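# Coordinate analysis (summary)
So you can see what is in the structure, the chains are spelled out below.
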Amino acid sequence: MQLEVNIARKAFTNAAGERHDVLADFNFALGPGEVGVFVGPSGCGKSTMLKIVAGLDHDYQGGIAYPSGARIGMVFQEPRLLPWRSVDDNVRLAAPKADDEKLSALFAVLELTAHRNHYPGELSLGLARRAALARAFAIEPDFLILDEPLASLDDALAVRLREQIATLVDSRCATTLLVTHDVDDAIRLGDRLFLLSPRPARILAELPIRTPRSARSEAEIAAIKADVARRTNGDRAERDA
Amino acid sequence: MLRLLSFTVFLAIWWVAALLAGGEKLPPPAAVLAAIVAEANSGALFFNLGVTLVRVALAFTLAMTLGAAIGYLMGRVRLADRLGDPWLILLLNLPALVVIVLAYIWAGLTEVAAIAAIAINKLPITVVTVREGTRVLDTALDEMAMVFAIPRWRAFRHVILPQLAPYIATAARSGLSLVWKIVLVAELLGRPNGVGFEIGVAFQLFDIPRLLAYSLTFATVVLFIETFLVQPFEIRLSRWRPRAA
């Protein structure tokens, strides 16, 4: 499904009563099945933007447009699983109509089969993230919102989970918004990269990547990385001048 | 095993104390047992215990339902909290006796008055406890339920209620022990039957074996309900928690 985001301004009021802009002129559109990846320094307002798109925050100027009745699957920075329900029951709470076979396949891809009956308190962070991913995919979302799904995992695990996410995204064709501070992850997962400025976050540049995810060579990834570095440094030089 | 031992020690101390104090003031275990058997044979014991338990059940259910609903509302809606708070403080500090006497004066010496008076005594504790629980509800989980469009009632049942469960259990626990104490006073003051009434009669006649017979059977029933109903329920509620070492 098509997603159009036009956030003219989003501000927070701090304890001293001063207003701070978090997002300014933040406009983009994503086509059906497209993966948009947002890369920016931490604390720049990425999560705030995701919350607005997810419909959790209505206190902003602008508008979000997508077809009514769209299903949204979200993976928050913290897994946000219900500790009193098993992994399986957590997924089924969000997706009560999910087909048993499809769920089993989903758990298999995410290597969660052995943990279906575990409670979240018994899981490592990596497993809990995957359980949260399973929940988001189980509802067969039209839009998928992933907030730093690979943060604070060790490298080997992050790579595995990244591959699992890529597999799922390619098989589901959900329009995806992914936020990360890791350029490498962004290039390997995204169809389009949005480079963000520090607060208030604006979109500095938009980089489409035409090669399909699975066909990207290391050389191409390195080239894009260099391009990203040049553009973000250029911005910094401009501001410093 | 340990429980049995502590019970035996209790009986031994009682027996020695009865010997020292004299049977007039503290009848020995055997005399009290005889009184229990006599009351049981006439059927009065079971009737009075039954009547008291029904009153406890009704007042407890009423106070828990109403108290939890009001507590949740006060925890969620600031206006309700502001409006209700002074009443809550008043009720919390109002002596049980005042509530009971006023209820009997205004509603007559009726069953409704008795049950309402007991429920009103327990109500504020439930409200305060559930309000506390509602205030610390995890908004992150609320957001999760919202994004995944989990229907309201389903979200309340599976996301909100489990978070409130420990608070509701605490309210039930402390509320029940309060109800056990107050029900006898309400019966003593204005009911023609029940354990409290019987204890009142025994007190007037200075019939100590009968007084102790009712007190001890009542205490046994309370202990039984706490052990076999309340505690298993609490354990069931906290099944998912990682067990403490």
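If you're wondering where the values come from, they're calculated on a predicted model, not measured in any experiment.

## Side note on the overall build of chain A
When helices and strands are counted, chain A shows seven helices and nine strands. The C-alpha radius of gyration of chain A comes to 18 Å, within 12% of the 18 Å expected for a compact globule of 241 residues. Principal axes of the C-alpha set define a box for chain A whose edges measure 55 × 45 × 35 Å. Looking at the 241 residues of chain A, the share that counts as buried comes to 38%. Long-range contacts, defined here as pairs at least 24 residues apart, represent 73% of the contacts in chain A between residues at least 6 apart.

## Digging into the sheet that holds strand 1 (residues 3–13) of chain A
Residues and elements named next belong to chain A. Ordered by their spatial adjacency, three strands build an open sheet running 2-1-4, and the pairing between neighbours is antiparallel. Here the strands that pair on one side only, and so sit at the sheet edges, are strand 2 (19–30) and strand 4 (61–65). Sheet twist, expressed as the mean angle between neighbouring strand axes with direction ignored, is 20°. As paired elements, strand 1 and strand 2 share 10 bridges and run antiparallel to each other. Across the sheet, the residue bridging to R9 is A24, located in strand 2. Strand contacts of helix 1 (residues 46–53): strand 1, strand 2 and strand 4, with the helix running at about 120° to strand 1, the strand carrying the most contacts.

## Observations regarding the interface of chain A and chain B
Between chain A and chain B, the residue contacts involve 15 residues of the former and 13 residues of the latter. Residue assignment for the side of chain A that touches chain B shows that the elements contributing at least two residues are strand 5 (72–75) and helix 2 (87–94) of chain A. Tallied by class, the residues present in the side of chain A that touches chain B amount to 12 nonpolar, one polar and two charged.

## Things to note about the packing of helix 3 (residues 44–76) of chain B against helix 4 (residues 78–93) of chain B
Residue and element names in this part refer to chain B. Interhelical geometry of helix 3 versus helix 4 gives an angle of 120° and a closest axis separation of 6 Å. Between helix 3 and helix 4, the crossing angle belongs to the class labelled oblique. Residues I70, L73 and M74 of helix 3 pack against A80, D81 and G84 of helix 4. The residue makeup of the contact of helix 3 with helix 4, split by class, is four nonpolar, one polar and one charged.

## A few points about the pairing of strand 6 (residues 143–147) of chain A
Residues and elements named next belong to chain A. The buried fraction of strand 6 is high, at five of five residues. Residues F143, I145 and D147 of strand 6 are buried on one face, and the alternating residues L144 and L146, pointing to the opposite face, are buried as well. Relative to strand 6, strand 5 is paired through four bridges, and the arrangement is parallel. By the bridge assignment for strand 6, V75 is matched with L146. Sheet topology places strand 6 next to strand 7 (residues 175–180); five bridges connect them, and they run parallel. If you follow F143 over to strand 7, its bridge partner there is T175.

## Description of the sheet that holds strand 3 (residues 35–39) of chain A
Residues and elements named next belong to chain A. Spatially, 5-6-7-3-8-9 is the arrangement adopted by the six strands of the open sheet, whose pairing is mixed. Each edge of the open sheet is held by one strand with a lone partner, namely strand 5 and strand 9 (203–208). In this sheet, neighbouring strand axes are inclined to one another by 15° on average, regardless of whether the strands run parallel or antiparallel.

## A look at the pairing of strand 7 of chain A
Residue and element names in this part refer to chain A. Among the six residues of strand 7, six are classified as buried, and the element is accordingly described as predominantly covered. Of the two faces of strand 7, the one holding T175, L177 and V179 and the one holding T176, L178 and T180 are both buried throughout. Looking at chain direction, strand 3 and strand 7 are connected through five bridges and run parallel. Within strand 7, the position partnered with V35 by the bridge is T176.

So, how was this worked out
- Residues numbered from 1 in each chain as written.
- Chains lettered and ligands numbered in written order.
- Predicted model: local features only at pLDDT ≥ 70, side-chain atom pairs only at ≥ 80, totals over all residues.
- Helix = DSSP H or I, 4+ residues; strand = E, 2+ residues; numbered from the N terminus.
- Rg over C-alpha atoms; globule rule 2.2 N^0.38 Å.
- Buried ≥ 20, exposed ≤ 12 C-beta atoms within 10 Å, placed from the backbone.
- Contact = placed C-beta atoms within 7 Å.
- Pairing = 2+ DSSP bridges.
- Axes fitted to C-alpha atoms, helices over the stretch in contact; angles between N-to-C directions.
- Nonpolar A, V, L, I, M, F, W, Y, C, P; charged D, E, K, R; others polar.
- Parallel < 35°, antiparallel > 145°, perpendicular 65-115°, else oblique.

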